[in-house]
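Residue strings, one per chain:
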Amino acid sequence: MNTEMLYALRDVAGVPSHPVLFLILGVLTFALHILAVQVMLGASGLVIWGALSKDAYKRQLAQAMLGTAKIAVSVAVVLGVAPLLFVQVIYDPFWYTSNVLSATWVIGFIVILTVGYLLMYFFYAKNHHLATQKTVCPGSMILSLALMLVVGFIMHVLVVQMLSPDQWMQWYAPNGEIDASGRGLHAYNLWRFAFFISLSVLVIGSWLLAYRHYISHRTDVDSGYLQWLKGLAGALSLAGGILAIGFGIGWMLTLPESQASFGFSPWVWLAALMIALTAVMPKLMGNKVNAPLFGYGLFGLAAVALILVAVAREMLRWNILFGDFGYNALDYAVNMDWYSTLLFFGTFLIIGGTVLAYFLTVAWQAGQTDGVYTPSPAVTRLGNLSIILITLWIIHFFVLGLWVWLG
Ligand code: HEM
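Residues numbered from 1 in each chain as written. Predicted model: local features only at pLDDT ≥ 70, side-chain atom pairs only at ≥ 80, totals over all residues. Heavy atoms only, no water.

### Notes on the domain arrangement of the chain
Partitioning the chain into domains gives domain 1 (3–336) and domain 2 (340–407). Computed over C-alpha atoms, the centres of domain 1 and domain 2 are 27 Å apart. Each side of the interface is counted separately: domain 1 has 12 residues, and domain 2 has nine residues. Counting the contacts that link domain 1 with domain 2 gives five residue pairs in polar contact (both at pLDDT 80 or more). A class-by-class count of the residues in the side of domain 1 that touches domain 2 yields seven nonpolar, three polar and two charged. (Domains from an automatic or database assignment. Contact = heavy atoms within 4.5 Å. Polar contact = N/O pair within 3.5 Å; in protein donor to acceptor, adjacent residues only side chain to side chain. Nonpolar A, V, L, I, M, F, W, Y, C, P; charged D, E, K, R; others polar.)

### Quick notes on helix H9 (residues 223–253)
The end-to-end C-alpha distance of H9 is 45 Å, a good match for the 45 Å that 31 residues give at a rise of 1.5 Å each. Among the residues of H9, the N-terminal cap falls to aspartate 222, whose side-chain oxygen and the backbone nitrogen of glycine 224 are separated by 2.7 Å. (Helix = DSSP H or I, 4+ residues; strand = E, 2+ residues; numbered from the N terminus. Expected span 1.5 Å × (residues − 1).)

### Considering the layout of surface pockets
Looking at the second largest pocket, its volume works out to about 880 Å³. Surrounding the second largest pocket, 45 residues form its lining, Phe30, His33, Gly80, Phe109 and Met155 being those nearest its centre. Among the elements that make up the lining of the second largest pocket, the one with the highest residue count is helix H3 (residues 56–90) (11 residues). Of the residues that constitute the lining of the second largest pocket, the class distribution is 34 nonpolar, seven polar and four charged. (1 Å grid on protein atoms, 1.4 Å probe; cavity = no way out; pocket = protein on both sides within 12 Å on 5 of 7 lines; lining within 4 Å. Points joined across faces, edges and corners; volume = space filled by probe spheres on them.)

### Details of the site of the ligand
Looking at the ligand, there are 23 residues lining it, with His33, His156, Arg192, Arg313 and Arg317 nearest. Between the ligand and arginine 192 there is a distance of 2.7 Å, counted from an oxygen atom to a side-chain nitrogen or oxygen. One nitrogen or oxygen atom from the side chain of arginine 313 is found 2.8 Å from an oxygen atom belonging to the ligand. A molecule is said to occupy a pocket when more than half its atoms come within 2 Å of that pocket's grid points, and by this definition the ligand occupies the second largest pocket. Where the shell around the ligand is concerned, the elements lending two or more residues are helix H2 (19–51), H3, helix H5 (103–126), helix H6 (138–161), helix H8 (190–215) and helix H11 (292–324). (Near = heavy atom within 4 Å. Sits in = over half its atoms within 2 Å of the grid points.)

### Here we look at the nonpolar core
Of all hydrophobic cores here, the largest spans 103 residues; its most connected members are Leu61, Met65, Tyr91 and Leu208. The leading source of residues in this core is H2, at 18 residues. Aside from chain neighbours lying at most four places away, what touches leucine 61 is Leu46, Leu208, Tyr211, Tyr225, Trp228, Leu229 and Leu232. (Core = buried A, V, L, I, M, F, W, Y, C linked by side-chain atoms within 4.5 Å. Buried < 20%, exposed > 50% of the residue type's maximum accessible area, 1.4 Å probe, protein only.)

### What about the packing of H9 against helix H10 (residues 266–285)?
Following both chains from N to C, one finds H9 and H10 inclined at 160°, their axes separated by 7 Å at the closest point. Between H9 and H10, the angle falls in the class roughly antiparallel. As H9 runs across H10, the sense of the crossing is left-handed. Where H9 approaches H10, its residues Gly234, Ser237, Leu238, Gly241, Ala244, Ile245 and Met252 are matched on the opposing element by Val268, Ala272, Ile275, Ala276, Thr278, Ala279, Val280, Pro282 and Lys283. When its residues are assigned to classes, the contact of H9 with H10 shows 11 nonpolar, four polar and one charged. (Axes fitted to C-alpha atoms, helices over the stretch in contact; angles between N-to-C directions. Parallel < 35°, antiparallel > 145°, perpendicular 65-115°, else oblique. Left-handed = near helix turned anticlockwise from the far one by under 90°.)

If you want it as structure tokens, here you go:
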């Protein structure tokens, strides 16, 4: 596969805004996606750990983390769509070829994800009172987590396959015989996959500190439980950081020969430094963890660490596709479409901002209230405004579609 062939696979319509915009948004949204994935994986792990234990604190934590895991799956899925859109805009020759080569798995991905999520809800339906009652069918939660990992592995394979255009023909027609089944998973790097998965141990550590701070104001919370959570969060952060750095080193050592020096690039060092800092922070913070800035701040630090990981990951992709195969994602023809660009940012900032502000306010205030929570008139107004904005957006969507269709 030579460079001209790769360019020939591009969309002739060009892209509707400068490609650098898609590149930056792709990196940022991937970081958010993987952050939600890691909260989901870490929380699911803690649910299983607690559900299989008789210890009262572990069971109490399992009940809380089941609530987190359920929501985190939906956040991970929604935030997975965003990098999917961006990656297929500027890297379409690579992304689509990789998807076609493993088409059966790409379709299976949706089925596996659906079954995994349903199993989590099945476990939830059977275990509303995990803290106080015996666990029913823990196997469903274990299988759910295993299926989520399969889903992540499929994504991983698609990302790794797209980086090897020199091998596509060999995968498509091994020994000259065409295999159009799409059943193969042709390339993976278990170090890289383990790196992303192990970061969930680090991320859930910082999530636990935030959770601890969140519940610490409630009168019905046992101080022994809060103290136990602090120790657990510190241990998980440290273990997660060490694991991730270990797997990360393995990933860097197994890069293709042409990229062997990438492990020494400033991007990698910066990401590794942030991972290490996030890992040791709970120990460094000591009792400061009781202050909101530190209680919640560590999760913010983990998010920054993941943004730097996402940047390093993108630099590697850039180095491979440009350095080894001559493909420059930034010279994509631009067919500027101001309306869609403004619509995108308008939707994101105005609708996304208002609706998210409403949801977060309600979730926050409800969690801090003992007994039944009643929103204030201002919060109710924000809720009504969110509904009006979404309704206007949907009307606009159909009016615009009809105008384009009939015009
Ligand atoms: C819920 C289970 C999921 C898990 C455990 C998971 C995990 C992962 C992991 C580990 C990666 C990084 C792969 C690598 O770079 O080696 C990744 C990338 C990605 N995931 Fe997910 N994922 C999940 C769901 C989804 C869903 C539902 C979508 C889309 C709707 C999605 C879209 C993506 C995309 C587009 C990338 C690659 C982005 C890029 O290369 O720029 N993921 N995912």
